[in-house]
Each structure stands twice: as structure tokens, then as C-alpha cells.
Amino acid sequence: MPEPEDLRSQNGILKVDLTVRNQAEAGGAIRYCYVAGDGSQSPTLRLKPGDLLILHLKNELSDAKQPAAEANHVHSHSKSETNADPCTSASMTLTSTNLHFHGLTVPPLCHQDDVLKTSIQPGDSPFEYRFRIPANEPPGLYWYHPHIHGFSKVQVLGGASGALIVEGIERANREVAGLPERVLVIRDQDLINPKATPSKSEPVVPKMLIDRDGDSANTGTGFGTPAKDLSINYVPVPYPDYPPAVIKMKPSERQLWRVLNASAITYLNLAVLFKRAPQQLGIVAIDGVPLNHNGNPENAIEWRDHIGVPPGARVEFIVTGPPSGVNGLLVTRTVDTGSGGENDPNRAIFAIVPSVDAPEPRSTLSATPEPLPAPTLPWLGNVTPVRVRKLYFSEKLEDPKNPLSATTFYLTVDGQTPAPFDPNSTEPNIIVKQGDVEDWIIENRSSELHDFHIHQLHFMLVGWSGVPVNEPFLRDTVNVPFYDGRTLQYPSVRLRMDFRDPHTVGTFVYHCHLLEHEDGGMMGLIRVEPAETRKTPASNASQSSSSNLPGHAAGNN
Ligand SMILES: [Cu+2]
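So, a few notes on the structure that sits alongside this text. (Residues numbered from 1 in each chain as written. Predicted model: local features only at pLDDT ≥ 70, side-chain atom pairs only at ≥ 80, totals over all residues. Heavy atoms only, no water.)

### Some points on the side chain of Ser-446
Structurally, Ser-446 is set in the loop between strand E28 (437-444) and strand E29 (450-454). Exposure remark for Ser-446: the relative accessible area of 7% places this residue in the buried category. Of the polar contacts made by the side chain of Ser-446, one reaches the side chain of His-450; its length is 2.9 Å. Not counting chain neighbours up to four residues away, the residues in contact with Ser-446 comprise Phe-393, Glu-395, Phe-482 and Tyr-483. (Helix = DSSP H or I, 4+ residues; strand = E, 2+ residues; numbered from the N terminus. Buried < 20%, exposed > 50% of the residue type's maximum accessible area, 1.4 Å probe, protein only. Polar contact = N/O pair within 3.5 Å; in protein donor to acceptor, adjacent residues only side chain to side chain. Contact = heavy atoms within 4.5 Å.)

### Some details on the layout of surface pockets
If you roll a probe as big as a water molecule over the atoms, it shows you where there is empty space left. One number sums up the size of the largest pocket: a volume of about 990 Å³. Considering the residues around the largest pocket, the lining is formed by 39 residues, among which Asn-136, Pro-138, His-293, Pro-375 and Thr-376 are closest to the centre. Contributing elements (two or more residues each) for the lining of the largest pocket: helix H3 (169-172) and strand E18 (289-290). In the lining of the largest pocket, the residues fall into 22 nonpolar, 11 polar and six charged. (1 Å grid on protein atoms, 1.4 Å probe; cavity = no way out; pocket = protein on both sides within 12 Å on 5 of 7 lines; lining within 4 Å. Points joined across faces, edges and corners; volume = space filled by probe spheres on them. Nonpolar A, V, L, I, M, F, W, Y, C, P; charged D, E, K, R; others polar.)

### A few points about the coordination of the copper ion
Put simply, a metal with four donors set out as a tetrahedron has ideal angles of 109.5 degrees, and one with six donors set out as an octahedron has ideal angles of 90 or 180 degrees. Of the protein atoms, only His-450 (ND1), Cys-512 (SG) and His-517 (ND1) coordinate the copper ion, at distances of 2.0 to 2.1 Å. Donor residues for the copper ion, ordered by position in the chain, follow H-x61-C-x4-H. Of this pair, His-450 sits in strand E29 while His-517 sits in helix H4 (residues 515-519), and the two are 67 residues apart along the sequence. His-450 sits in the buried class, given a relative accessible area of 0%. Overall, His-517 belongs to the buried group, its relative accessible area being 0%. (Donors = N, O, S within 2.8 Å, 3.2 Å for Na, K, Ca; no water.)

### Quick word on empty space enclosed by the protein
Tallying each qualifying case throughout the model produces one cavity of 30 Å³ or more. In this structure, the largest cavity spans a volume of roughly 60 Å³. Per-class residue counts for the lining of the largest cavity are seven nonpolar, two polar and no charged.

### Quick word on the state of the cysteines
The full count for this structure, using the stated rule, is one disulfide. In this model Cys-87 forms its disulfide with Cys-110; the gap between the sulfur atoms is 2.0 Å. Handedness here is read from the sign of the S-S torsion; for Cys-87 and Cys-110, about -85 degrees, the answer is left-handed. Note that Cys-87 is positioned in the loop between helix H1 (68-78) and strand E6 (100-102) and Cys-110 in the loop between E6 and strand E7 (127-132), a separation of 23 residues in sequence. (Disulfide = S-S within 2.5 Å.)

### Some thoughts on unusual backbone geometry
One can expect most non-glycine residues to show negative phi and most peptide bonds to be in trans. Of note, the amide linkage connecting Tyr-239 to Pro-240 takes the cis form, showing an omega dihedral of 5 degrees. Examined against the element boundaries, Pro-240 turns out to sit in the loop between strand E12 (235-237) and strand E13 (245-249). Even without glycine at this site, Ser-252 takes up a positive phi of about 60 degrees. Counting through the fold element by element, Ser-252 comes out in the loop between E13 and strand E14 (254-261). At Lys-275, a position not held by glycine, the phi torsion is positive, near 50 degrees. Assignment of secondary structure puts Lys-275 in the loop between strand E15 (268-274) and strand E16 (277-278). What makes Lys-275 exposed here is its relative accessible area of 68%.

### Overview of the sheet that holds strand E8 (residues 140-145)
Strand pairing in a sheet is mediated by backbone hydrogen bonds. Such pairs are either parallel or antiparallel. Read across the open sheet, the five strands follow the order E1-E4-E9-E8-E6; overall the sheet is mixed. Because the sheet does not close on itself, it has two edges, and the strands there are strand E1 (6-8) and E6. Geometrically, the sheet is characterised by an average inter-axis angle of 25 degrees between neighbouring strands, direction not taken into account. With three bridges joining them, E1 and strand E4 (residues 44-47) adopt parallel strand pairing. Directly across from Leu-7, in E4, lies its bridge partner Leu-45. (Pairing = 2+ DSSP bridges. Axes fitted to C-alpha atoms, helices over the stretch in contact; angles between N-to-C directions.)

### Some thoughts on the environment of Thr-266
Relative to the helices and strands, Thr-266 is located in the loop between E14 and E15. Exposure remark for Thr-266: the relative accessible area of 1% places this residue in the buried category. Considered as a pair, Thr-266 and Asp-484 are 218 residues apart in the sequence and their alpha carbons are 20 Å apart. When near neighbours in sequence (up to four residues on either side) are disregarded, Thr-266 contacts Asp-188, Lys-228, Leu-230, Asn-261, Pro-311, Asp-344 and Arg-347. Polar contacts involving the side chain of Thr-266 include one to the side chain of Asp-188, which spans 2.7 Å.

Next comes the structure, spelled out in C-alpha cells:
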């Protein structure tokens, strides 16, 4: 199993040329990839806090139903029709693309991290992304992927994603200083063998059903046809036999594994097994933020023998490789996605083979790091929220009597009329003042898991279905449990949302990170207004009173 190539900033700058390409495979699946100027595929971008990223993105996507040469020919002809300004284009088609820098607190502006209006077409000249990694960005694993509403799933499922590392995790946590580090990008893709019969080693499961999204439905058994195949650093691990990829490690070596779930819809529940026995994994960071970001050194490592990772999330953990003579296995255990959810069964991802002459991973963390300065803002968990909002995930069948009819996906602010996300709407669902901290209760009224994500900021999980949890760390993506029809109240998460950073000012989105749900409308619009535009004290409490303020910083200026 290869590792993605590293592109590192030098003298405070990382200049990258990426071309996004796609191609139809023999079986009909369409694969997507970022190719860098040096030929590397979907490289890992590595920058230090404060560094400048200058990324030129060239769109060479075709509709991929025809041979590549012919497709290019077509697009060279259509060039003159597609020269709208990419900053205001808002064109959302199969061959449009853009980039979202998932987890980074950079402004939602064109050339930075706007996904509402920014759209690059085939034939456009290379589009420049240009921003600084904020000096206070926590060191850890972030990622980049396209975010064209309606077409996010097809591009990400096809493979359009890559890791971005804000360097210095060893400065935040001495426990990882000097460790070899390994970047593991887990993607999902359409089944390579959709008609295969189950492996003989699997128990027989009920006949495969199709869920509302058109994928293999949750069998509730841990076995059966998965909704999607997985790949690890682009090496597929296909159903039905899951022949694992292979990595070698020096016997009992400690490494930092930096895992990105870049799946479009697949939940992971990772474990490392030696002779079937789950091993202790030392989590040091979640969603790009070290666990001791709250200033508590005792919080530096959280030991677990399995780790749930929803689509879009990241987890970074210390793993000790198997001793000589013992092969290990990275697996994902089954995830119960609910009766309306996809089938995410147990499966192998890669085998770990101990070997004294195993090559070291591509990168090793500094053994003598300078400690990171303490955060300047008070810990989010110690801030009292200025208000509480409630939102809910829901789904509606077009024909309530027919469970196979089309489904509409909603993410609604309580009190507003449920409506799928409207890309033409300029009216935000939520208006917030920069500087505020709010609590959001996100309810799930549907029978499948949803995966709440908001751009531009991190939040803290402070409640789980009404029970305080006060996780002492931050996330940017969180699983919201499904409704099984048996509880008096809908399941929910309570999140402490952090709008204190001035980089959050502007208009951006929150959505379900199961991308077929996002594409289907499970997304909302939020505007964070600069602290100084407070009109009246009353506008704090009411969205409608402030909704007529002129838009700003929405990426269209
Ligand atoms: Cu969802």
C-alpha cells in the first residue's frame, strides 16, 4: 500500500498546481483524481500555521461517458461558452468543480474557502486558491475535496479528495515527538463486484434490500453486501473477500497513524487486531485538533480499542505494531446505521506484517519540538452560550405509501418550513454574530444516521440525547443517532458552536456529510455578521429582524 506523496511548504509558502481529472473504468465506474505538477496523485499538502497556500486548480473533468480524447475535444470547443467568472459562476454541473478545505478556519471567500458561488469549469484557466493557514490553527489532519452542490457525491465517491496537514502535532503533544507518521486516506467507491455472492466465511444474512438512497440496506448483522467498497490510499479492498492491502512495520514499532475518512457515505469503526484481539489505540487528535487543546495535559491521549469515524472526520492515534511472527489487521467493524441506513459491515482494510527490514514511513515527526503557544481564547467548554438553537434532520418519501419512492432530505431550523437546500437562495437560515458562542441542538427524526458538519469552525459535543457529555475536545463533524421509533424523544446531539474567530465572518453552509444527503438538500445557509454591525440588541434574539441586512463577504465581491 503506497502512501500519498507529501508536498511541503518552504520558507512559509506552498505552491501547488493540481489538475482534477476523471476517467470511466471498464466496469463503468468513473474515477476521479487530483494530479499534481510532479505527477503525484492527490498529494498530502503540508503547511505550518501561518504559511501561505497558493493552489492552482485546473479542471479537466469530462462527462466521462466517452473516451477521454473525444471528451477533451468537446471541451476545447465549449471553452468560449464557459468563461464566466469562477467567483460568481455558481454553475453546479457534473463537470463543474471547486475546493473545500474541510476543517480549516479560513474565510468563506472566493479564492479561499467559498463553495456557494465558486465554480470552475472545464476550459477555464487554472483557478487560484490563495490563503494563509491561520497562525492559531490547531496542528493536525484536515482535507480538501470538491463541494459542488448536487454533484459532491459523484466526485468524492470517485476519489476526488486529499489530505492537508497543519504541521506541528508533536509541538502540541510530546507523546508523538519522534514518531514515524503514516497518512491513511480511506475512501469509498461503487462496488467492484456488485453481483458477487457473499464469501463462504460469512454467515448467511437476509436477502439484500435496497435503502432509500438506492444502496444496500443495513442488514443489522455486520455482514452482507456493503453499500460501497472501501479503498485505502487508493488500493481497493473489495467485497466479497476483502483481500487486504499490506503494510510492513518494524516489530512492535510505535507510529502515529493519521486517518481520514474521505468516504462519501461510509461510516468507519476502526480497530487493530492481533490474532483477532483488539489492540489499544492512543487517540491524540480528532478532526485536526489535538485532544489537549483545552490546556489539560492529562487529556493528551485517549486509549480505545475501537474508534468510530463518520464520513469527513479524522482521527490520529498512536499504534504499536505487532511483534515478530504476529500479523496484524486494520479492520472496520460494522456500524449500525439504522433501519433506513446503508450496510456498513465488518471488513478488513489492510494487513500489518512485522519485518525487521520494513521501510520507515515517508515522514517522521520532530523529536525535539518547540512547545506550541497556548490558545489565546478561553476554552470553549468554559464559555456560556448566548443562545440555543434547535435544528433537525428529517426525510420525506414522495409517496408515503411506497417505501421505494424518491426521498427528500431536510436539515431544518426548528420553526422554519422544511425545504431542501436552495442554491439560489440568498436568505440565510441562521444569522449569527461573530464573537458569539451558541449551543445548537441537532435532532434526528429519521431512521438512519446523519453526519452533521459545518464549514469554517469547530464545535464541542456537550450533550447526547439530553445527557451532558462535555467531551473535552473539539470536532467539525459529528454523528447524530437515528430514531428507532421506540423513544419518547428524538435522539439529538447538543453542540457548542464557536463563532469567535473573525475568519468565520461571511456566508457558508452546514450539512449532512453523507454526500448523497447533502446533494439531496440536507444543507442550510448561515451568515456570520461582523461583531461591529450589531444593529439593535433585539436583532440578537430574532433572525427575521436582521435578515434584511445587506449580504457581505459571501464570496461574490
Ligand atoms: Cu444524512
